[in-house]
Each structure stands twice: as C-alpha cells, then as structure tokens.
Amino acid sequence: MNITPKQVLDLAAKYIGYREKASNNDLYSFGGNAGKGNYTMFQAELDAARFWNNAKQGYEWCTSFVAWCFWRQCGAEAKRILCLTGDYGASCTAWAGYYKAAGRLFSSPKAGDQYFQRGSDGAPCHTGLVESVSGRTFTTIEGNAGNMVKRVQRKLDGTVYGFGRPYYSTQEEIDMTKDELIKLVDERVEAKLRTIKDIGAVPEALKAEVRELLDCEAINGGTAYADNPDDINMPYDAIKGVVIGKRYTDKQINALIEKINLLIERIQQALRRADK
C-alpha cells in the first residue's frame, strides 16, 4: 500500500494538543482525565490490533504515536513501511536499529522522516515525525512531549541520533536526490564490508561464540594470541558466517554425542543381561 508523508503528517497534526491520560478513562477526549499515567487512545488501538509484541498501554508512548499515524491508514502494512522487521518492540533503540539495518537511517532530515533524539548515554531515547525542514532547524510533531502531542522546533545538533526514512510511495523514493541515493548505497555497502577490529566491537548476540573461537585460536586478526587475545580484524559478514558454521557444527557434534551415549547405554544393558 502506498502512503505519502503528507497523509501521515496531516493525520498527526490533527492530534496536536491531545493530552496523556491519568487512567484508562476518557481516552478519546483531547483534554479530559489529563495526567501522567501513559494512557492514550493511540496505544489502546494498537494493543487491540496486537500491533506490538506486548501490550503497551501504560508505558511511554512516543513510539506508539508514530506507529499509530501509519497503522491508522495502512493497517498491518505499517510494519513494513516503518522497517519494523523484528519482534516489533516499541523501544526507540530497537526501531532506530531496524532503520539502520535497512540502510534507511540518515543524518539529514526530510519531511515525513522519523526523528530519533539522542539520550545522555548516546542511544535513542525519544521519537517523533519531521514535519518540515529549514536549514539547520526542523519542526516535528511528537507524542509524549510534555505528556501531550506537540509541535516542537529542533536543531541539527548533538541531541539528534538520526532520521529513519519510512518506505513511502514509489514517487517519494524517486524524489531522492542523487547525493542521497549515493549515500544510501554507500551505507549499505559499508554495513556489509565493515571490519570488526576486536571483541569489543562484536554484537552481543555473537560475542560469546566469537570469544570461544578466539580462545581456541580458530580465528585471529594476524596478531599472536599471547600478544592480543582480542584481535579479530575481520569483515562483519565473515564473522557471522564463521559463527553460523560453528553453531551448525556444535549441533551436529551434540547430536552425535547423544547417539554415542545411547549406544553405550544399550551395550551396558546388554552386558548386564548377559551377566545374569
């Protein structure tokens, strides 16, 4: 299904002034039951549609406001458009990661982009929709901004983590500038070929197995293990391939050990019966 930035932003703008609720009452009133309970109509409707992996009513809702603006017009297709390719967790960190994996996380904004704010720890901590851009400033429409939906003026500075670009209609993709297209291709190539220097740069999901491979010297970055036991210096895709191979081999070995143990047990049973 095609959708344009204008459609999303027009819908978002209609809810500017909507206030978060203290409880699960008056969800469709703009100002009634205002409070800080993190109850909203947006999360209620997404929960009813089972959009997220778990119910989100009562939790911080900036991500749910963005998702709702797409879901309300596209239904389940909103997940694809918003690059929600994993378990659909509603954290800003996970969502920015989905955009990055798709090669759609940018440092410069366009109207319709999803803005991610950088927290004190360097990770994404808040999100909204870019409504307009003017030089080094941009305007957003954000949910959970001061416990309400609000239009916010922001600057391109260190508080910006990045901008996720949803899969809008084909024409929106054609409208990418030459420089933006080159940057998109470069980022995707770099993600494939980026070199992991040492164990510290390995993603957590792979780190334990890479540590095992380093310790048995099955991989190394050209430095003797005794001199630098953490040296890797391999492309990320190559590391993934080695780990997948290790997992397959471990599975086969474990299956073989189970068969051997079963065979030993049967032999022992036969010997005991013979002794009788």
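Scope of this entry: the structure provided in the associated data block. (Residues numbered from 1 in each chain as written. Predicted model: local features only at pLDDT ≥ 70, side-chain atom pairs only at ≥ 80, totals over all residues. Heavy atoms only, no water.)

1. Brief notes about the side chain of His126
Turning to step 1, where the next piece is worked out: Tracing the backbone shows His126 in strand E3 (residues 124-134).
Turning to step 2, where the next piece is worked out: If near-sequence neighbours (up to four positions away) are discounted, His126 is found in contact with Cys62, Cys92, Tyr115, Phe116, Gln117, Glu142, Gly143, Asn144 and Arg154. (Helix = DSSP H or I, 4+ residues; strand = E, 2+ residues; numbered from the N terminus. Contact = heavy atoms within 4.5 Å.)

2. A word on the nonpolar core
Turning to step 1, where the next piece is worked out: Grouped together as the largest cluster of nonpolar side chains are 41 residues, with contacts concentrated most on Phe42, Phe65, Trp68, Phe70 and Trp95.
Turning to step 2, where the next piece is worked out: Contributions of two or more residues to this core are made by helix H1 (5-14), helix H2 (41-48), helix H3 (62-74), helix H4 (78-81) and helix H5 (92-101).
Turning to step 3, where the next piece is worked out: Element by element, the count of residues in this core is highest for H3, at nine residues.
Turning to step 4, where the next piece is worked out: Excluding residues that lie within four positions of it along the chain, Trp95 makes contacts with Trp52, Thr63, Val66, Ala67, Leu82, Leu84, Gln114 and Phe116.
Turning to step 5, where the next piece is worked out: Membership of the second largest hydrophobic core comes to 13 residues, among which are Ile199, Leu213, Ile219 and Ile239. (Core = buried A, V, L, I, M, F, W, Y, C linked by side-chain atoms within 4.5 Å. Buried < 20%, exposed > 50% of the residue type's maximum accessible area, 1.4 Å probe, protein only.)

3. Things to note about H5
Turning to step 1, where the next piece is worked out: Those residues of H5 that sit buried are Cys92, Trp95, Ala96, Tyr98 and Tyr99. Buried residues of H5, viewed axially, fall in a sector of 150°; they line one side. For H5, the exposed residues lying more than 90 degrees away from the buried face are Lys100 and Ala101.
Turning to step 2, where the next piece is worked out: Buried-residue contacts for H5 involve H3, strand E1 (105-106), strand E2 (114-118), E3 and strand E6 (160-164).
Turning to step 3, where the next piece is worked out: In the segment just after H5, Gly103 is the residue with positive phi, at about 70°. (Arc of directions from axis to C-beta.)

4. A few points about the packing of H1 against H3
Turning to step 1, where the next piece is worked out: Orientation of H1 relative to H3, taken along the N-to-C sense of each, is 115°, at an axis distance of 10 Å. H3 is crossed by H1, and the crossing has right-handed handedness. Here H1 contributes Gln7, Val8, Leu11 and Ala12 to the contact with H3, which in turn contributes Phe65, Trp68, Cys69, Phe70, Arg72 and Gln73.
Turning to step 2, where the next piece is worked out: For the contact of H1 with H3, the class distribution of residues is seven nonpolar, two polar and one charged. (Axes fitted to C-alpha atoms, helices over the stretch in contact; angles between N-to-C directions. Left-handed = near helix turned anticlockwise from the far one by under 90°. Nonpolar A, V, L, I, M, F, W, Y, C, P; charged D, E, K, R; others polar.)

5. Brief notes about the packing of helix H8 (residues 204-215) against helix H9 (residues 236-275)
Turning to step 1, where the next piece is worked out: Two numbers describe how H8 lies on H9: the axes approach to 10 Å, and their chain directions differ by 75°. Of the possible angle classes, the one that applies to H8 and H9 is roughly perpendicular. Contacts from Ala205, Leu206, Glu209, Val210, Glu212 and Leu213 in H8 reach Tyr236, Ile239, Lys240, Val242, Val243, Lys246 and Arg247 in H9.
Turning to step 2, where the next piece is worked out: Counted by class, the contact of H8 with H9 contains eight nonpolar, no polar and five charged residues. (Parallel < 35°, antiparallel > 145°, perpendicular 65-115°, else oblique.)

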